[in-house]
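Spelled out from the first residue to the last, the chains are:
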Amino acid sequence: VQTIQFVLLDCQPLKFALLQHCNEWQNKFTTLLSEMATNKLNDLVFFLNDNCEKLSKPPETLEQLGDSLALLEQLKSDQEEIGGRFPPLYEQFNILRKHEVQVDEKVQEKLDDLGNEWQKFATCLHDSDIMLKKHKDKFKAGLLHSAEEYKKSVATLVD
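Here the structure is a predicted model, which is why all the values come from computation and not from measurement.

Concerning the layout of surface pockets
Now for step 1: Roughly 200 Å³ of volume is contained in the largest pocket.
Now for step 2: As for the largest pocket, its lining consists of Lys 54, Lys 57, Pro 58, Pro 59, Glu 60, Gln 64, Asp 67, Ser 68 and Leu 71.
Now for step 3: No other element matches the four residues that helix 2 (residues 62-83) contributes to the lining of the largest pocket.
Now for step 4: Broken down by class, the residue content of the lining of the largest pocket amounts to three nonpolar, two polar and four charged.

Below, the structure is given as structure tokens:
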């Protein structure tokens, strides 16, 4: 309550409304940041798992082999950049924790397991590289055999 000249001014309702508005804005903002960090985490985990699944699938055609090899090379070249997405994500969750924002238990488990997912992804890249090389040799041998068969059939037709 303040007196200005001859007017008695009570600012308590205004202060209370302003404080309530600030708290509401802070809660909405931290919720938004939490959702954004959760979405980034989910996207990263999905990216790792999806690409690992794609690479682990043995190719059945030459086109699939080419696509798998291209994906493998792309992921190998981007591996450092993908790994660089981890520290900012951890930092976002640390900031949320610092400001006492509740993170869902499942999200926290995903975050805690992210290092293991990264190791699985690196192992998957290595194993897929070996598997794709074997399939590449297998397809090459099959094509060479088909070419030989074709040569023999052409030679038989010519004679």
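Quick notes on helix 5 (residues 114-158)
Now for step 1: Helix length check: helix 5, at 45 residues, gives a terminal C-alpha distance of 64 Å against a target of 66 Å (1.5 Å per residue), a fit within 8%.
Now for step 2: Among the residues of helix 5, those classed as buried are Leu 114, Glu 117, Trp 118, Phe 121, Cys 124, Leu 125, Ser 128, Asp 129, Met 131, Leu 132, His 135 and Phe 139.
Now for step 3: Turning to helix 5, the residues buried within the fold contact helix 1 (12-56), helix 2, helix 3 (86-98) and helix 4 (105-112).

Focus: a nonpolar patch on the surface
Now for step 1: On the surface, a cluster of nonpolar side chains totalling about 480 Å² of accessible area is made up of Trp 25, Phe 29, Leu 32, Leu 33 and Met 36.
Now for step 2: Its location among the elements puts Phe 29 in helix 1.
Now for step 3: For Phe 29, a relative accessible area of 36% corresponds to the partly exposed category.

The rules behind these values
- Residues numbered from 1 in each chain as written.
- Predicted model: local features only at pLDDT ≥ 70, side-chain atom pairs only at ≥ 80, totals over all residues.
- Heavy atoms only, no water.
- 1 Å grid on protein atoms, 1.4 Å probe; cavity = no way out; pocket = protein on both sides within 12 Å on 5 of 7 lines; lining within 4 Å.
- Points joined across faces, edges and corners; volume = space filled by probe spheres on them.
- Helix = DSSP H or I, 4+ residues; strand = E, 2+ residues; numbered from the N terminus.
- Nonpolar A, V, L, I, M, F, W, Y, C, P; charged D, E, K, R; others polar.
- Expected span 1.5 Å × (residues − 1).
- Buried < 20%, exposed > 50% of the residue type's maximum accessible area, 1.4 Å probe, protein only.
- Contact = heavy atoms within 4.5 Å.
- Patch = residues over 30% accessible without salt bridge, like charges linked within 9 Å, V, L, I, M, F, W, Y side chains within 5 Å.
- Areas by Shrake-Rupley, 256 points an atom, 1.4 Å probe, with all protein chains shown as cover.
- Salt bridge = Lys/Arg side-chain N within 4 Å of Asp/Glu carboxyl O.

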